[in-house]
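# Fold and contact review
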Amino acid sequence: MLMKLVCFGDSITAGHEGLNEPMLTAFLKKKLPPTVEIINAGVSGDTTVQALARIVTDVISHQPDLVTVLFGANDVATHKRVEQDDFAHNIDKIASLISPKKTILITPAPVDESLEQNRTNEDLKAYSDCIKEIAQRRDCHFIDFFTTFFSKPDYQWRLKGTMDDGLHFGEKGYDLLSDLIAEKIAALTKAGSVFKQSGN
């Protein structure tokens, strides 16, 4: 039986980085069992407001077993700002609509502030803390991508992608992100927390 994984997010989820498919999808295919079907529901530029507008069509309609939820990079941006309380409410609603037991909430990556002018790591950390609080309160699965990434002494080097804009990372960042997701899914599968569906 297949396990159906939907990756729900913004350009970090959708980004191709020169590949014929999203780089996150390509990396996950290498690290997850072939029984996992990966559906990429990333849309560049999305905040949690746009995410809620398309969640039924792009996520729930697939009847997934697990959903990675990775938003925040646009919500914190000065030109697209979704205020922190509204962001928290939106993430909470996303988890509720998907079902907390099927939701893997992921914090956004840090940025290289020497290149990226519309986002700060201070704001990204604050929004990441919101996600962590919701994951704990809702009993969602959780990956603290921000802290793991930011704690790397070479995190700015790992943020380099084809655009080299301090925001959209390349292979090094996706290798780290896909490792964290694959490890989480392996742990959930071993614990029996993932309920495989049949006939979907």
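Residues numbered from 1 in each chain as written. Predicted model: local features only at pLDDT ≥ 70, side-chain atom pairs only at ≥ 80, totals over all residues. Heavy atoms only, no water.

## Here we look at the overall build of the protein
In terms of regular secondary structure, the protein is built from eight helices and five strands. Scanning the protein from its N terminus toward the C terminus, one meets helices and strands in the order β-α-α-β-α-β-α-β-α-β-α-α-α. Its C-alpha atoms give the protein a radius of gyration of 16 Å, within 12% of the compact-globule value 16 Å for 200 residues. Seen through its principal axes, the protein has C-alpha atoms that stretch 50 × 35 × 30 Å. For the protein, the residues scored as buried account for 54% of the 200 residues in total. In the protein, once contacts between residues fewer than 6 apart in sequence are set aside, the share between residues at least 24 apart is 78%. Put simply, the protein has 22 plus and 28 minus side-chain charges, and the middle of one group is 7 Å from the middle of the other. (Helix = DSSP H or I, 4+ residues; strand = E, 2+ residues; numbered from the N terminus. Rg over C-alpha atoms; globule rule 2.2 N^0.38 Å. Buried < 20%, exposed > 50% of the residue type's maximum accessible area, 1.4 Å probe, protein only. Contact = heavy atoms within 4.5 Å. Lys, Arg positive; Asp, Glu negative; His and termini not counted. Charge placed at Lys NZ, Arg CZ, Asp CG, Glu CD.)

## Describing the sheet that holds strand β4 (residues 103-106)
Overall, parallel pairing links the five strands, which are arranged β2-β1-β3-β4-β5 in an open sheet. Both edges of this open sheet fall to β2 (36-42) and β5 (141-143), since each of them pairs with a single strand only. Between one strand axis and the next, the sheet turns by 20° as a mean value, whatever way the strands run. Pairing between strand β1 (residues 3-9) and β2: seven bridges, direction parallel. Of the residues in β2, the one forming a bridge with L5 is I38. Helix α4 (residues 84-98) contacts β1, β3 (66-70) and β4 of the sheet and is inclined by roughly 170° relative to β3. Each of β1, β3, β4 and β5 is contacted by helix α8 (residues 171-191), which is oriented at about 155° to β5, the strand it contacts most. (Pairing = 2+ DSSP bridges. Axes fitted to C-alpha atoms, helices over the stretch in contact; angles between N-to-C directions.)

## Some details on the UniProt feature "domain: SGNH hydrolase-type esterase" (unreviewed entry) in the protein
Within this structure's numbering, the places UniProt gives as "domain: SGNH hydrolase-type esterase" (unreviewed entry) are residues 7-176. End C-alpha to end C-alpha, residues 7-176 measures 16 Å, and it is 43% helix and 13% strand. (UniProt positions renumbered as here; feature names shortened; annotations may be inferred.)

## Quick notes on the packing of helix α3 (residues 48-58) against α4
Two numbers describe how α3 lies on α4: the axes approach to 9 Å, and their chain directions differ by 20°. The orientation of α3 relative to α4 falls into the category roughly parallel. The two elements α3 and α4 cross, and the hand of that crossing is left-handed. Mapping the contact onto sequence places T48, V49, A51, L52 and I55 in α3 and F87, N90, I91, K93, I94, L97 and I98 in α4. For the contact of α3 with α4, a count of residues per class yields nine nonpolar, two polar and one charged. (Parallel < 35°, antiparallel > 145°, perpendicular 65-115°, else oblique. Left-handed = near helix turned anticlockwise from the far one by under 90°. Nonpolar A, V, L, I, M, F, W, Y, C, P; charged D, E, K, R; others polar.)

## Some words on the packing of aromatic side chains
What the rule picks out here adds up to eight aromatic pairs. Relative to F169, the ring of F145 lies with its centre 6.0 Å away and its plane at 75°, an arrangement referred to as edge-to-face. Of this pair, F145 sits in helix α6 (residues 145-150) while F169 is found in the loop between α7 (155-158) and α8, placing the two residues 24 residues apart along the sequence. Assigned by exposure class, F145 and F169 land together as buried. Each residue in the set F145, F149, F169 and Y174 is aromatic and connected to the rest through ring pairs, giving one cluster. (Phe/Tyr/Trp six-rings, centres within 6.5 Å; stacked < 30°, edge-to-face > 60°.)

## Describing the pattern of salt bridges
Enumeration according to the criterion identifies 13 salt bridges in this entry. A salt bridge links K31 to D179, with the nearest nitrogen and oxygen atoms 2.9 Å apart. With K31 in helix α2 (residues 23-31) and D179 in helix α8, the pair connects residues that are 148 residues apart, well separated along the chain. Assessed through its relative accessible area of 30%, D179 is described here as partly exposed. For the salt bridge of R137 with D92, the shortest nitrogen-to-oxygen distance reads 3.3 Å. Linking R137 in helix α5 (residues 121-138) with D92 in helix α4, this pair joins segments that are 45 residues apart in sequence. A network of salt bridges, in which partner residues are shared, links D92, E133, R137 and R138. (Salt bridge = Lys/Arg side-chain N within 4 Å of Asp/Glu carboxyl O.)

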